[in-house]
Amino acid sequence: TVALLWPAYLNGEPFYMTDTATYLRGADAAIHYLTGQSSAWTEEFFKRYPSGPSARAVLPGHGSGEVPVVLAGRSIYYGLLLYAAQWFGNFWAVAILQAILVSIAIFLTVVIIRRMLGSTPSPAFVIGCGLLLAACTPVGYFASYLMPDIFGGLGLLAFGHLVFLRR
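Residues numbered from 1 in each chain as written. Predicted model: local features only at pLDDT ≥ 70, side-chain atom pairs only at ≥ 80, totals over all residues. Heavy atoms only, no water.

J.: Which parts of the structure should I look at to understand the side chain of Ser 144?
T.: By the secondary structure assignment, Ser 144 is in helix α7 (residues 139-144). Ignoring anything within four residues of it in the chain, the contact list for Ser 144 reads Leu 4, Leu 5, Pro 7, Ala 8, Pro 14 and Phe 15. (Helix = DSSP H or I, 4+ residues; strand = E, 2+ residues; numbered from the N terminus. Contact = heavy atoms within 4.5 Å.)

J.: I would appreciate a short explanation of the pattern of salt bridges in the present structure.
T.: Once the charged atoms of two side chains with opposite charge are near each other, the side chains can pair. According to the stated counting rule, one finds 2 salt bridges in the structure shown. Its salt-bridge partner being Arg 74, residue Asp 19 comes within 3.4 Å of it at the nearest N-O pair. With Asp 19 in the loop between α1 (6-11) and α2 (20-35) and Arg 74 in the loop between α3 (40-48) and α4 (76-87), this pair connects stretches of sequence that are 55 residues apart. Under the relative-accessibility criterion, Asp 19 is labelled partly exposed at 24%. When its relative accessible area of 31% is taken as the criterion, Arg 74 is described as partly exposed. Across the pair Lys 47 and Glu 44 runs a salt bridge whose closest N-O atoms are separated by 3.6 Å. In this pair, Lys 47 and Glu 44 both sit in helix α3, 3 residues apart, roughly one turn of the helix. A residue is classified by how much of its surface remains accessible, and Lys 47, at 62% relative accessible area, is exposed. (Salt bridge = Lys/Arg side-chain N within 4 Å of Asp/Glu carboxyl O. Buried < 20%, exposed > 50% of the residue type's maximum accessible area, 1.4 Å probe, protein only.)

Purely geometric numbers; function is a separate question.
Pasting the structure below:
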């Protein structure tokens, strides 16, 4: 898990993507709608769009103002995870959680494949495989992105486990 966080450590924090703010805004909009509680995200939205976004503003060729953010199609659950991490102070908790999940997936995959080959892997072998993956593949970067993309890869790996490694 620690080895997977090396890109974020060198960067000084997890990697923000262009959509990271959209996930946060979606969660903030839901919390504001349900509880009426405002945050810096809510205040920024109302400062940019004092009367709320109009339908004409989002149509191409209409209006010369800034187009409002698109909140549709973003995972509210991942947004709430980011929102909770921000509420507690920083986004390191999200990166650490993602790195832990990736570490578990790597561990399970190495152990299952070695058992299928007829031997039980030593802890040093499993750790070595994890370190090799952390150093030679982009998995550390993906675990450090503040985006739910890592869950697509984990889901695909879980599907592979169910289909090909079900023993």
